[in-house]
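Residue-level structural notes
If you want the building blocks of each chain, they are given just below.
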Amino acid sequence: KIWSTDFADTVGRVTPEALIRARRSGEEFTEYIGEIAEERRREPRADLLTGLVAAEAEGDRLSASELAGTCALLLTAGNETTTNLICNGVLALLQNPEQLEELRSDPALIENAVEEFLRYDSPVQATARIVMEDQDFVGNPFKKGQQISLLIGAANRDPEVFDDPDRLNLKRERIAHLSFSRGTHFCLGAQLARLEARVAIGELVRRLPGMKLASDTIERNGHLLLRGVKALPLRF
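Note that this is a predicted model, so its numbers are computed, not measured.

1. So, the side chain of R119
Along the chain, R119 falls in helix α6 (residues 110-120). Judged by its relative accessible area of 0%, R119 falls in the buried class. Engagement of the side chain of R119 in a polar contact is seen with the backbone oxygen of N156, the distance being 3.0 Å. If we ignore the near neighbours within four places in the chain, the residues touching R119 are N156, R157, F162, P165, R167, R172, I175, H177 and S179.

2. What about a nonpolar patch on the surface?
Taken together, the side chains of L48, L74 and L188 make up a nonpolar region of the molecular surface, amounting to roughly 310 Å² of accessible area. Among the secondary structure elements, L48 is positioned in helix α3 (residues 48-57).

3. Considerations on a negative patch on the surface
A surface patch of like charges, here negative, comprises E27, E28, E31 and E35. Looking at where E27 falls in the secondary structure, it is placed in helix α2 (residues 16-42).

4. Overview of the nonpolar core
Core analysis: the largest hydrophobic core is formed by 28 residues, its most contacted members being L93, L103, F117, L170, I201 and V205. Secondary-structure elements contributing two or more residues to this core are α4 (64-95), α5 (97-105), α6 and α8 (190-207). Counting residues per element, this core draws most heavily on α4, which supplies seven residues. Of all hydrophobic cores here, the second largest spans 13 residues; its members include F29, A37, L52 and L62.

5. A word on the packing of α4 against α5
The N-to-C vectors of α4 and α5 enclose an angle of 110°; their axes lie 5 Å apart at closest approach. It follows from the interaxial angle that α4 and α5 lie roughly perpendicular. Contacts from L93, L94 and Q95 in α4 reach P97, Q99, L100 and L103 in α5. Its residues placed into classes, the contact of α4 with α5 shows five nonpolar, two polar and no charged.

6. Considerations on the packing of aromatic side chains
If you walk through the whole model with that rule in mind, you get four aromatic pairs. Look at W3 and Y32: their rings are 5.4 Å apart centre to centre, the planes differ by 55°, and that puts the pair in the tilted class. Of this pair, W3 sits in helix α1 (residues 2-8) while Y32 sits in helix α2, and the two are 29 residues apart along the sequence. When its relative accessible area of 41% is taken as the criterion, Y32 is described as partly exposed. Plain terms: the ring middles of F180 and F186 are 6.1 Å apart, the flat faces sit at 65° to each other, and that makes the pair edge-to-face. Assessed through its relative accessible area of 40%, F186 is described here as partly exposed. Chaining the aromatic ring pairs together yields one cluster made of W3, F7, F29 and Y32. Sitting over the face of the ring of F162, R119 holds its NZ or CZ atom 5.2 Å from the ring centroid. The ring of Y120 carries the charged tip of R157 above its face, separated from the ring centre by 4.4 Å.

7. Focus: α8
Relative to the 26 Å expected for 18 residues at 1.5 Å per residue, α8 spans 26 Å between its end C-alpha atoms, a close match to the ideal helical length. Buried within α8 are the following residues: A190, A193, R194, A197, I201 and V205. One side of α8 carries all its buried residues, which in axial view fall inside an arc of 95°. Turned more than 90 degrees off the buried face of α8, the exposed positions are Q191, L192, R206 and R207. Among the structural elements, α4, α5 and α6 are those in contact with the buried residues of α8.

What counts, and where the lines are drawn
- Residues numbered from 1 in each chain as written.
- Predicted model: local features only at pLDDT ≥ 70, side-chain atom pairs only at ≥ 80, totals over all residues.
- Heavy atoms only, no water.
- Helix = DSSP H or I, 4+ residues; strand = E, 2+ residues; numbered from the N terminus.
- Buried < 20%, exposed > 50% of the residue type's maximum accessible area, 1.4 Å probe, protein only.
- Polar contact = N/O pair within 3.5 Å; in protein donor to acceptor, adjacent residues only side chain to side chain.
- Contact = heavy atoms within 4.5 Å.
- Patch = residues over 30% accessible without salt bridge, like charges linked within 9 Å, V, L, I, M, F, W, Y side chains within 5 Å.
- Areas by Shrake-Rupley, 256 points an atom, 1.4 Å probe, with all protein chains shown as cover.
- Salt bridge = Lys/Arg side-chain N within 4 Å of Asp/Glu carboxyl O.
- Lys, Arg positive; Asp, Glu negative; His and termini not counted.
- Charge placed at Lys NZ, Arg CZ, Asp CG, Glu CD.
- Core = buried A, V, L, I, M, F, W, Y, C linked by side-chain atoms within 4.5 Å.
- Axes fitted to C-alpha atoms, helices over the stretch in contact; angles between N-to-C directions.
- Parallel < 35°, antiparallel > 145°, perpendicular 65-115°, else oblique.
- Nonpolar A, V, L, I, M, F, W, Y, C, P; charged D, E, K, R; others polar.
- Phe/Tyr/Trp six-rings, centres within 6.5 Å; stacked < 30°, edge-to-face > 60°.
- Lys NZ or Arg CZ within 6 Å of the ring centre and 35° of its normal.
- Expected span 1.5 Å × (residues − 1).
- Arc of directions from axis to C-beta.

In structure tokens, the structure reads:
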């Protein structure tokens, strides 16, 4: 968790202190993964790291640093984003008590509710892409090779796509959010993230019927891309 947090703190507004922590954690993580990778080379298992090691062994696909970098990405992406999805979802419910009661009275809503949480308060607010060919989009010219920023959070509240987009609606139909991206860039851990959020939020609602915010002030984490809270104190 410390490694993941230190890596995530280099996204968005970066301070010299954050870079120092991330560098230290990167060295520790690289050593840790390197030892496990050696174990997988000697004794392969049916797991992702064995697959990555095998790819490295085939020649020009993954170097040792690329192997560590890929694992660091998976650690951070799978930890920080799902944590924020769960916290943002619980916060949205507590700030919309009528929707909380809807979910409490109909627990089967949780599957659709998670999709609405992903749309309403996206854990990842933006991403970047490289333009592959010259093109014009809605009157805006783009040149091949340009890097562009895509604001996922804004797209998920597009009034041309979603009715009353700024309202949390757990019964919303056809929630075509972009929080997991699309196409070849679709999130590797999407189904796991959905499952974790359904279980965590569903169980909180079921087990803590008197759940309320324990503070009137909820401080956001300050990330430009990874939207979450610093803490979510609850009373029940």
